[in-house]
Amino acid sequence: AYAPSDQIWNWIFPNVNCSVSDFDLVGVYNDSKASSNGFLGVDHKHSSIIASFQGTADLTNWITDLSTWIRYNYECVIESQNNSTAAVSLGFVHHGFCDYYKSMQMLGLTKDIANLSEKFPKFKIVLTGHSLGGAAA
């Protein structure tokens, strides 16, 4: 999730030897204002829907990380995107973690995960990320 969008879409990673023949990339999500990035795909070999989140990568992310002394006193509430369900509390987290998650939601990542889950009901959902991306996952 750290690579630029064009590298992810073309699955070009210099100096990395990996085979992804059974992996279908579904989407790349980038919010430059929130400095949040991620991608979503389907791993048919392992029957998995995989969302990967970029971790700390720039000054905006470092400010979020370093301001965690204001810990866990912010209730992260996710509003319904289609008004068919009530708002959902994800619990108390650092506001930067919640903002990162909400930026991914606004880009359609959570909706795309739900759609893939309906399309592949027996597939497990794998959320992964490093550092700040791990908090989003």
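Residues numbered from 1 in each chain as written. Predicted model: local features only at pLDDT ≥ 70, side-chain atom pairs only at ≥ 80, totals over all residues. Heavy atoms only, no water.

The next thing to look at is the sheet that holds strand β3 (residues 48–53). Read from one edge of the open sheet, four strands run β1-β2-β3-β6, paired in mixed fashion. Where the open sheet ends on each side, the last strands, each with one partner, are β1 (23–31) and β6 (124–129). Across the sheet, the axes of successive neighbouring strands diverge by a mean angle of 15 degrees, strand direction being ignored. Where strand β2 (residues 36–43) meets β3, six bridges bridge the pair, whose relative direction is antiparallel. Bridge pairing in β3 links L40 to A51. Running over the sheet, helix α3 (residues 95–106) touches β1, β2 and β3 and is turned about 55 degrees from β2. Packed onto the sheet, helix α4 (residues 109–119) meets β1, β2, β3 and β6 and runs at close to 5 degrees relative to β2. (Pairing = 2+ DSSP bridges. Helix = DSSP H or I, 4+ residues; strand = E, 2+ residues; numbered from the N terminus. Axes fitted to C-alpha atoms, helices over the stretch in contact; angles between N-to-C directions. Contact = heavy atoms within 4.5 Å.)

Moving on, we get to the nonpolar core. General note: in soluble globular proteins, nonpolar side chains tend to be found buried as a group. One finds L40, F53, Y100, M104, L109 and L116 to be the most contacted residues of the largest nonpolar core, which totals 16 residues. For this core, the secondary structure elements donating two or more residues are β2, β3, α3, α4 and α5 (132–136). Not counting residues within four places of it along the chain, the set of residues in contact with L109 comprises Y29, L40, F53 and M104. (Core = buried A, V, L, I, M, F, W, Y, C linked by side-chain atoms within 4.5 Å. Buried < 20%, exposed > 50% of the residue type's maximum accessible area, 1.4 Å probe, protein only.)

With that settled, the discussion passes to the side chain of D43. Checked against the element boundaries, D43 lands in strand β2. Side chain to side chain, D43 and H46 meet in a polar contact 2.8 Å long. Once you skip the residues sitting within four places of it in the chain, D43 turns out to touch D22, F23, S48, I50 and F123. (Polar contact = N/O pair within 3.5 Å; in protein donor to acceptor, adjacent residues only side chain to side chain.)

In short, the description is geometric, and any link to function would need to be established separately.
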